[in-house]
Amino acid sequence: MRAWWVGRPGAISTRPLEMGERGNPKPKANELLIDVSVCGICRTDLHLAEGDLPPRHQHVVPGHEAVGVVLETGTNSSTFQPGDRVGVAWLGGACGTCPYCRRGDENLCLAPVFTGWDRDGGYAEQMTVSQDFAYRIPDVFADEKAAPLLCSGIIGYRALKRADLRPGGRLGIYGFGSSAHLTAQMAIHLGASVFVMTRSEEARSLARGLGAEFVGGPYDVPPVLLDAAILFAPVGDLVPVALRALDRGGTLAVAGIHLSDIPSLNYTTDLFYERQLRSVTANTRADGHEFLALAAEIPLAPTTTTYPFEEADRALDDLAADRITGSAVLRVRPATAHNEAEPFTSGRGAA
Ligand SMILES: [Zn+2]
Ligand SMILES: [Zn+2]
């Protein structure tokens, strides 16, 4: 099969990703073998290619927003059948026995397995996933619209929960990429007013189109104090900026897996009056299932740019240079009647 893998991590301009042929994966007893149709492109893939996240093994295949069809099931796998459409997300395994797993916080597992970091991901024609960590994709989403939901969407949903946004509250969003544009749609659906601070003019125009009350530059001060804010841009300098924009008792959630250093904070101006600063670490499967149900109910409308399989490195270069508005998606298999940009209407569980 054809696959992309991380060769020598480094600046994306040095072409750290390599494409070539490698052997087809084989599903273990509790795994599914998936024929990948599309895979969303996440900023984490860029951090991995550039070495901000050290590769967990040599020549790992990136990609943790994969959508495809089950080709084969392992001997102990009965949850899915060949032909089922499934999604594969970032959390690819958890130990189930550590104190965090046992109390329901598997996102904090001591021995987690991440797709496209610990195990090979979806920048390949085939991949395997543990059946317990695969998701059914709601029929309302075509493959390329479903892909960004699997990380951008789920993480945005968890960040929204971590930000403790009250009903009808005022939410600030710093940075407006793939995850943020989905989170804004969720927040507006839940009755919030949304204030977007971001750099690119295209992203600002998307934010206005989605119904943001206010759209400004990254360091602009929103016209009202915020009940909650989410920092999506991987820029630590924005932490004090966002904290100062919060109302008393407000919460700032930092959504990214990687953040540049945070400058020193002043307790009085940045934190006092019970403002809170929280991180967001991966997600639980429960978050994923809750989110996909909400996404279908709204339904979320991801803005996507699709790249042919051969251009994964160009897609990451565009992501690094802020040239992508909304979500980027890698088309792994040519579009067919089942996976082109139309709602999925056949297969098990379809209406
Ligand atoms: Zn991701
Ligand atoms: Zn665990």
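For the structure, see preceding data.
Everything numeric here is computed off the predicted structure, so don't read it as measured data.

How should I be thinking about a nonpolar patch on the surface in this particular structure?
A cluster of nonpolar side chains, contributed by I262, L265 and L277, occupies part of the molecular surface with about 210 Å² of accessible area. Looking at the secondary structure, you find L277 in strand 15 (residues 276-279).

What is the right way to look at the environment of V6 in this model?
The topology assignment puts V6 in strand 1 (residues 2-6). If near-sequence neighbours (up to four positions away) are discounted, V6 is found in contact with P16, L17, L48, A49, H59, V60 and P62.

I keep staring at the packing of aromatic side chains and nothing clicks. Help me out?
The relative placement of two aromatic rings is captured by the distance of their centres and the angle of their planes. Counted under the stated rule, the structure contains 6 aromatic pairs. Considering the side-chain rings of W90 and W117, the 5.8 Å spacing of their centres and the 10 degrees angle between planes classify their relative orientation as stacked. With a gap of 27 residues between them, W90 in the loop between strand 5 (85-88) and strand 6 (91-93) and W117 in the loop between strand 7 (113-114) and strand 8 (126-130) connect regions that are remote in the sequence. For W117, a relative accessible area of 9% translates into the label buried. With a centroid separation of 6.0 Å and an interplanar angle of 45 degrees, the aromatic rings of Y157 and F291 are classed as tilted. A residue pair is termed long-range when its members are at least 10 positions apart, and Y157 in helix 4 (residues 152-162) and F291 in helix 9 (residues 285-297) qualify at 134 residues. In this structure, Y157 and F291 share a single accessibility class: buried. What links up through ring pairs into an aromatic cluster is the set W90, F114 and W117. The ring of W117 has R56 lying over it, and the distance from NZ or CZ to the ring centre is 3.8 Å. Over the face of the ring belonging to F133 we find R285, whose NZ or CZ atom lies 3.8 Å from the ring centre.

Definitions and cut-offs
- Residues numbered from 1 in each chain as written.
- Chains lettered and ligands numbered in written order.
- Predicted model: local features only at pLDDT ≥ 70, side-chain atom pairs only at ≥ 80, totals over all residues.
- Heavy atoms only, no water.
- Patch = residues over 30% accessible without salt bridge, like charges linked within 9 Å, V, L, I, M, F, W, Y side chains within 5 Å.
- Areas by Shrake-Rupley, 256 points an atom, 1.4 Å probe, with all protein chains shown as cover.
- Salt bridge = Lys/Arg side-chain N within 4 Å of Asp/Glu carboxyl O.
- Helix = DSSP H or I, 4+ residues; strand = E, 2+ residues; numbered from the N terminus.
- Contact = heavy atoms within 4.5 Å.
- Phe/Tyr/Trp six-rings, centres within 6.5 Å; stacked < 30°, edge-to-face > 60°.
- Buried < 20%, exposed > 50% of the residue type's maximum accessible area, 1.4 Å probe, protein only.
- Lys NZ or Arg CZ within 6 Å of the ring centre and 35° of its normal.

Any functional reading would require information beyond the geometric quantities listed.
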